[in-house]
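# Observations on the three-dimensional arrangement
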Amino acid sequence: MHGSWKGRDVISILDFSRDDLDALYYLADKYLEKIQNATPLRTLEGFVISLAFFEPSTRTRMSFETAAKRLGAGVIGFTAAAGTSLEKGESYADTIRMLDGYSDLIVLRHKYEGAARFAAEIAKHPVVNGGDGKQHHPTQAFIDLYTIRRLKERLEGLNIGVLGDLRYGRAANSFILGTALYRTNTLYLISPPQLRMRDETRIILEDLGVRFYETESLEDVVSDLDVLYVTRIQKERFPDLSEYEKVKGSYRVTRRLLETRAKPDLIVMHPLPRVDEISYDVDDTRYQAYFKQAYYGVPVRMAVLSLVLGKEG
Amino acid sequence: MHGSWKGRDVISILDFSRDDLDALYYLADKYLEKIQNATPLRTLEGFVISLAFFEPSTRTRMSFETAAKRLGAGVIGFTAAAGTSLEKGESYADTIRMLDGYSDLIVLRHKYEGAARFAAEIAKHPVVNGGDGKQHHPTQAFIDLYTIRRLKERLEGLNIGVLGDLRYGRAANSFILGTALYRTNTLYLISPPQLRMRDETRIILEDLGVRFYETESLEDVVSDLDVLYVTRIQKERFPDLSEYEKVKGSYRVTRRLLETRAKPDLIVMHPLPRVDEISYDVDDTRYQAYFKQAYYGVPVRMAVLSLVLGKEG
Amino acid sequence: MHGSWKGRDVISILDFSRDDLDALYYLADKYLEKIQNATPLRTLEGFVISLAFFEPSTRTRMSFETAAKRLGAGVIGFTAAAGTSLEKGESYADTIRMLDGYSDLIVLRHKYEGAARFAAEIAKHPVVNGGDGKQHHPTQAFIDLYTIRRLKERLEGLNIGVLGDLRYGRAANSFILGTALYRTNTLYLISPPQLRMRDETRIILEDLGVRFYETESLEDVVSDLDVLYVTRIQKERFPDLSEYEKVKGSYRVTRRLLETRAKPDLIVMHPLPRVDEISYDVDDTRYQAYFKQAYYGVPVRMAVLSLVLGKEG
């Protein structure tokens, strides 16, 4: 059943089917139980995994590193400091070939779209995209859908709001594409006009026949939602600072908003780090799902690594 | 017997009793033997430990990392570069929650006092303070007392000198508080007036009924001592540079001073790194205990990690 | 048979005999097979290895780290950022003593020649030189000779060209000294006049009775060669930039040059990273041996670590 994962590159959520995700989540459930029982695993003992972060990252890097180590794998790699280049004259292709010579699997983050696909073409070992450019972050989308599946007990027939930067945010983009695998969902895409979903994403949704609404107002739609996926809006996207301040204020998810408007079983998600788009008073409410989402990252990434390396259990 | 350690946060030496330390040192002795016999251990196999160094550190970080790895645990984490902030807009609380979601125990260093206690309140998993602010560095104090116990074969009835910055130095502060657990010791607190022990430490010593003398002169008291604990004096503490130079000179521990004045079985300790407060000609004398102290750091920290995680042996 | 490696420091290729290398390569062959069969090894379980890179390094560091982890060892350490000093007031000797107290073996890189030998004198545990100063990089030389042995099936009677910076390049220097262990080889030392082999290397070759020719022209000698070892020429070595540009052009190894002039079974090696001294169109030809050379680094370094620690198999 898991045969289709072995040896595969994980570049975009679009390359995966619902059956692939079922196999993934079946294994993630098992790993979650092992973590909770503190059962030591040697599934990937003797394997070495490269974490090649050409862009800085703390959260995604540590999540993958935890996943690898919980399976007994060794980890090597590097993380670019903010604002530095790691390549120092050496070509990107040569760096990938080096990592491919040392390790059994490469996890990669890069600021340029297509960097992961290019690495996968060069490398003999599987490549897992840990985020490249503005559109793809497939393991984040796996985690997001897994979180919904665990907390709502289904992935179908949900009203799903996606709030924030839908244009440049790769987590939001990958999440939108991931929900589209489940066609009975309805998407509410909430953003200021300049941060609307990109045309290439829109075309995919239309091709798949996914129902979606685009709106600028959170308040107007929040009462319809079963899931609200919040992402950060970066100040740098706004030429006019007063415009940014206005948007920021109206897109802030507060306890008051949720208690007065939302369904009682709405879950609020966020790929983190959050700045102030969700106020801290939401943390202790039943709506909060973002810390669980981070927690589920480890078992889901464990499942990705072991399936791709063909070593389950 | 070790029951009182399991699941516990390790924030301040003040939270621990002599019985706690006995249990700790019993296990540290066992681990020391295992290291010396190169016996591989799988005590913490399957566990993941976070090393979250919000302040730069090489020595403490590597000591904890060695301890974790000698027990078979996986390690994740980060170390702030000198002068940088790791938090980049994300709240400290959110970072702690992330680490708490990934790992089974968090070791933490932070420049602000109280950071470790605050983290322990948020995290479900145990937190071990690897140094916060100016007063607490409990595992360093455990190591220091263990070193005395191994080299002097007792922790009672000793004349213990503490030299240097007793005001801002967290290693000296924690050491002073640690020795106070053993009431038959006499403390000689040697420092320039502006770097004297803080009032909150003085009050604790007085409450406990510990005998202590404060003095500015090393020469006057050195011949009384069984133990001399040296710490670094930082130039930045002195508005007047010539004042610093004078202090620095008179507080330098040299072979000549020891050979002419000290008891033959005095041990000289230092939490390291040293700059020039102990001259290099002391390194090859019988007085030198600071490299042993660093060496004992690993078995003591192994004991801390395994006791707190409830997995001895 | 491997008795002569146990506990030994690995500082210079000159300290090793052909018998030492035979023992090393016998074990490297076994480890290569284990890697290819994905057989997990616990040879160094319970051991901790320090990687102390006082000079920045990605490639050598990750190669050693992979080797250690494939054997089940724990790894601690640090890597200096470009342009920074790690020593911050603490003496180099104290840093080595700290690492010696924590770990079972120290791998060291340093910009000063002699730094590894000095560390070996201080440390009780074995020290492996990962490159110091301009002359020694012994494990790189082990890997280079191993690559020739695997691809040419012999280490004798070969015409070996060494191209580039023979004066300041430690990889080239160590390789030249390594090939000199096999006296029936002929060396072609190809460099601009200002980057010729240093006198101390020349004297060693003469003492050993090794046949060598020095030349400025690659074109003149390329057709004689069985092996061509290429190294980078750094712009900084040339006071006159136009001089550099001329040299750079004439020393570039291209597919066209190889196809029109070289023996069909010539192998082209490079310690990497390459900049543009070998053109990319060589990558897919039968001449290319540099990616295999990087790949062989892991089993050779596994053999070094396990032999020195006295734990084979």
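Residues numbered from 1 in each chain as written. Chains lettered and ligands numbered in written order. Predicted model: local features only at pLDDT ≥ 70, side-chain atom pairs only at ≥ 80, totals over all residues. Heavy atoms only, no water.

### Focus: the packing of helix H3 (residues 92-102) of chain A against helix H11 (residues 290-308) of chain C
The relative placement of two packed helices comes down to the angle between their axes together with the axis-to-axis distance. At their nearest, the axes of H3(A) and H11(C) sit 8 Å apart, and the two run at 40° to each other. Considering only the axes of H3(A) and H11(C), their crossing is right-handed. Across the interface between the two elements, Asp94(A), Arg97(A), Gly101(A) and Tyr102(A) of H3(A) pack against Phe291(C), Ala294(C), Tyr295(C) and Val298(C) of H11(C). Taken together, the residues that form the contact of H3(A) with H11(C) break down as five nonpolar, one polar and two charged. (Axes fitted to C-alpha atoms, helices over the stretch in contact; angles between N-to-C directions. Helix = DSSP H or I, 4+ residues; strand = E, 2+ residues; numbered from the N terminus. Left-handed = near helix turned anticlockwise from the far one by under 90°. Contact = heavy atoms within 4.5 Å. Nonpolar A, V, L, I, M, F, W, Y, C, P; charged D, E, K, R; others polar.)

### Some words on the interface of chain A and chain C
Counting residues at the interface gives 21 residues for chain A and 21 residues for chain C. Around 2000 Å² of area is buried between chain A and chain C when both sides are counted, 53% of it from carbon and sulfur atoms. Among the residues of chain A in contact with chain C, Glu45(A), Asp94(A) and Tyr102(A) are the three that bury the most area, contributing 29% of the side total. The interface formed by chain A and chain C holds four salt bridges in total. Residue Asp283(C) is joined to Arg97(A) by a salt bridge in which the shortest nitrogen-to-oxygen separation is 3.6 Å. In terms of residue count, H3(A) provides more of the side of chain A that touches chain C than any other element does, six residues in total. Classifying every residue of the side of chain A that touches chain C gives eight nonpolar, seven polar and six charged. (Buried area = accessible area lost by both parts, 1.4 Å probe. Salt bridge = Lys/Arg side-chain N within 4 Å of Asp/Glu carboxyl O.)

### What about the interface of chain A and chain B?
With 21 residues of chain A at the interface, the matching set in chain B holds 21 residues. Considering only the side of chain A, the residues that lose the most area to chain B are Arg59(A), Met62(A) and Arg70(A), jointly responsible for 28% of the buried surface there. Our count for the chain A to chain B interface comes out at four salt bridges. For Asp94(B), the salt bridge identified is with Arg274(A), shortest N-O distance 2.7 Å. Scanning the region where chain A abuts chain B turns up eight residue pairs in polar contact (both at pLDDT 80 or more). Sorting the residues of the side of chain A that touches chain B by element identifies helix H2 (59-70) and helix H11 (290-308) of chain A as the ones contributing at least two each. The leading source of residues in the side of chain A that touches chain B is H2(A), at eight residues. (Polar contact = N/O pair within 3.5 Å; in protein donor to acceptor, adjacent residues only side chain to side chain.)

### Focus: unusual backbone geometry
Of note, the bond from Leu272(A) into Pro273(A) is cis; its omega dihedral lies within 30 degrees of zero at 0°. Position of Pro273(A) relative to the elements: it lies in the loop between strand E9 (267-269) and H11. At Glu153(C), a residue that is not glycine, the phi angle is positive and equals roughly 60°. Here the phi dihedral of Leu272(C) falls at roughly 60°; this positive angle occurs in a residue that is not glycine. Secondary-structure assignment places Leu272(C) in the loop between strand E9 (267-269) and H11.

### Overview of the sheet that holds strand E4 (residues 127-132) of chain A
All names here are of chain A. With respect to topology, four strands assemble into an open sheet ordered E2-E1-E3-E4, the strand pairing being parallel. Among the strands making up the open sheet, the edge pair consists of strand E2 (74-79) and E4. Across the sheet, the mean angle from the axis of one strand to that of its neighbour is 10°, orientation sign disregarded. In terms of strand pairing, strand E1 (residues 48-53) meets E2 through six bridges, oriented parallel. (Pairing = 2+ DSSP bridges.)

### Considerations on helix H5 (residues 138-152) of chain C
Residue and element names in this part refer to chain C. With 15 residues, H5 should reach 21 Å at 1.5 Å per residue; the first-to-last C-alpha distance of 21 Å fits that figure. Counting buried positions along H5 yields twelve of 15 residues, so the element is predominantly enclosed. Downstream of H5 by a residue or two, Glu 153 has a phi angle that is positive, lying close to 60°. (Expected span 1.5 Å × (residues − 1). Buried < 20%, exposed > 50% of the residue type's maximum accessible area, 1.4 Å probe, protein only.)

### Looking at the relation of the copies chain A and chain C
Its rotation angle being 120°, the transformation that places chain A on chain C also includes 0.1 Å of axial translation and leaves an RMSD of 0.0 Å. Expressed as a symmetry operation, the mapping of one chain copy onto the other fits a three-fold axis. No C-alpha of chain A approaches the rotation axis more nearly than that of Gly74(A), which lies at 5.3 Å. (Least-squares fit on C-alpha atoms with pLDDT ≥ 70 in both.)

### Concerning the pairing of strand E5 (residues 159-163) of chain B
Residue and element names in this part refer to chain B. Counting buried residues along E5, five of its five residues qualify, which places the element largely inside the surrounding structure. Sheet analysis places E5 next to strand E6 (residues 186-190), joined by five bridges and oriented parallel. Of the residues in E6, the one forming a bridge with Ile 160 is Leu 187. Remark: the E5/helix H6 (residues 170-179)/E6 crossover connection has right-handed handedness. Relative to strand E8 (residues 227-230), E5 runs parallel, the two sharing four bridges. Of the residues in E8, the one forming a bridge with Gly 161 is Leu 228. (Right-handed = clockwise from strand over helix to strand, strands pointing away.)

### Considering the domain arrangement of chain A
Residue and element names in this part refer to chain A. With domains assigned, chain A is organised as domain 1 (13-134 + 297-308) and domain 2 (138-294). The straight-line distance from the C-alpha centre of domain 1 to that of domain 2 is 25 Å. At the interface, 27 residues of domain 1 touch 29 residues of domain 2. Interface area for domain 1 against domain 2, summed over the two sides, is near 2400 Å², with a carbon-plus-sulfur share of 60%. Connecting domain 1 to domain 2 are four salt bridges. Across the salt bridge formed by Glu 156 and Arg 18, the nearest N and O atoms sit 2.6 Å from each other. Here domain 1 and domain 2 share 13 residue pairs in polar contact (both at pLDDT 80 or more) between them. Of all the secondary-structure elements, those providing two or more residues to the side of domain 1 that touches domain 2 are helix H1 (18-36), H2, strand E3 (105-110), E4 and H11. (Domains from an automatic or database assignment.)

### Considerations on the sheet that holds strand E5 (residues 159-163) of chain A
Residues and elements named next belong to chain A. On the basis of which strands lie adjacent, the open sheet formed by five strands has the order E7-E6-E5-E8-E9 and parallel pairing. With one partner strand each, in any of the chains shown, strand E7 (211-215) and E9 form the two edges of the open sheet. Averaged over all pairs of adjacent strands, the angle between their axes in this sheet comes to 20°, without regard to strand direction. Sheet strands touched by helix H5 (residues 138-152): strand E8 (227-230) and E9. Its angle to E9, the strand with the most contacts, is close to 165°. Docked against the sheet, helix H6 (residues 170-179) engages E5, strand E6 (186-190) and E8, running at close to 165° with respect to E5.

### Describing the pattern of salt bridges
Note on pairing: side chains with opposite charge can pair once their charged atoms come close. Residue and element names in this part refer to chain A. The full count for this structure, using the stated rule, is 75 salt bridges over all chains. A salt bridge links Asp 94 to Arg 97; its shortest N-O distance comes to 3.3 Å. Pair noted here: Asp 94 and Arg 97 are both in helix H3, with a separation of three residues, about one helical turn. Using a relative accessible area of 0% as the deciding quantity, one classes Asp 94 as buried. For Arg 97, a relative accessible area of 24% translates into the label partly exposed.

### Details of empty space enclosed by the protein
Tallied over the full model, the rule gives six cavities of 30 Å³ or more. What lines the largest cavity is a set of 31 residues, and nearest its centre among them are Gly72(A), Ala73(A), Gly72(B), Ala73(B) and Gly72(C). For the lining of the largest cavity, the secondary-structure elements that each account for two or more residues are H2 and E2 of chain A, helix H2 (59-70) and strand E2 (74-79) of chain B together with strand E2 (74-79) of chain C. Here the lining of the largest cavity is composed, by residue class, of eleven nonpolar, nine polar and eleven charged. (1 Å grid on protein atoms, 1.4 Å probe; cavity = no way out; pocket = protein on both sides within 12 Å on 5 of 7 lines; lining within 4 Å. Points joined across faces, edges and corners; volume = space filled by probe spheres on them.)

### So, the relation of the copies chain A and chain B
For the pair chain A and chain B, the best superposition has an RMSD of 0.0 Å and corresponds to a rotation of 120° with a translation of 0.0 Å parallel to the axis. The two copies present different faces, since only 5% of the interface residues in chain A are matched by interface residues at the equivalent positions in chain B.

### Brief notes about the packing of aromatic side chains
Enumeration over the complete set of coordinates arrives at 39 aromatic pairs over all chains. The interplanar angle of 20° and the centroid separation of 5.9 Å between the aromatic rings of Tyr92(C) and Phe118(C) together place this pair among those described as stacked. Here Tyr92(C), found in helix H3 (residues 92-102), pairs with Phe118(C), found in helix H4 (residues 115-122); they are 26 residues apart in sequence, far enough to count as distant. Its end group placed over the ring of Tyr168(A), Arg167(A) keeps NZ or CZ at 5.9 Å from the ring centre. Above the plane of the ring of Phe64(A) lies Arg301(A), whose end atom (NZ or CZ) is 4.5 Å from the centre. (Phe/Tyr/Trp six-rings, centres within 6.5 Å; stacked < 30°, edge-to-face > 60°. Lys NZ or Arg CZ within 6 Å of the ring centre and 35° of its normal.)

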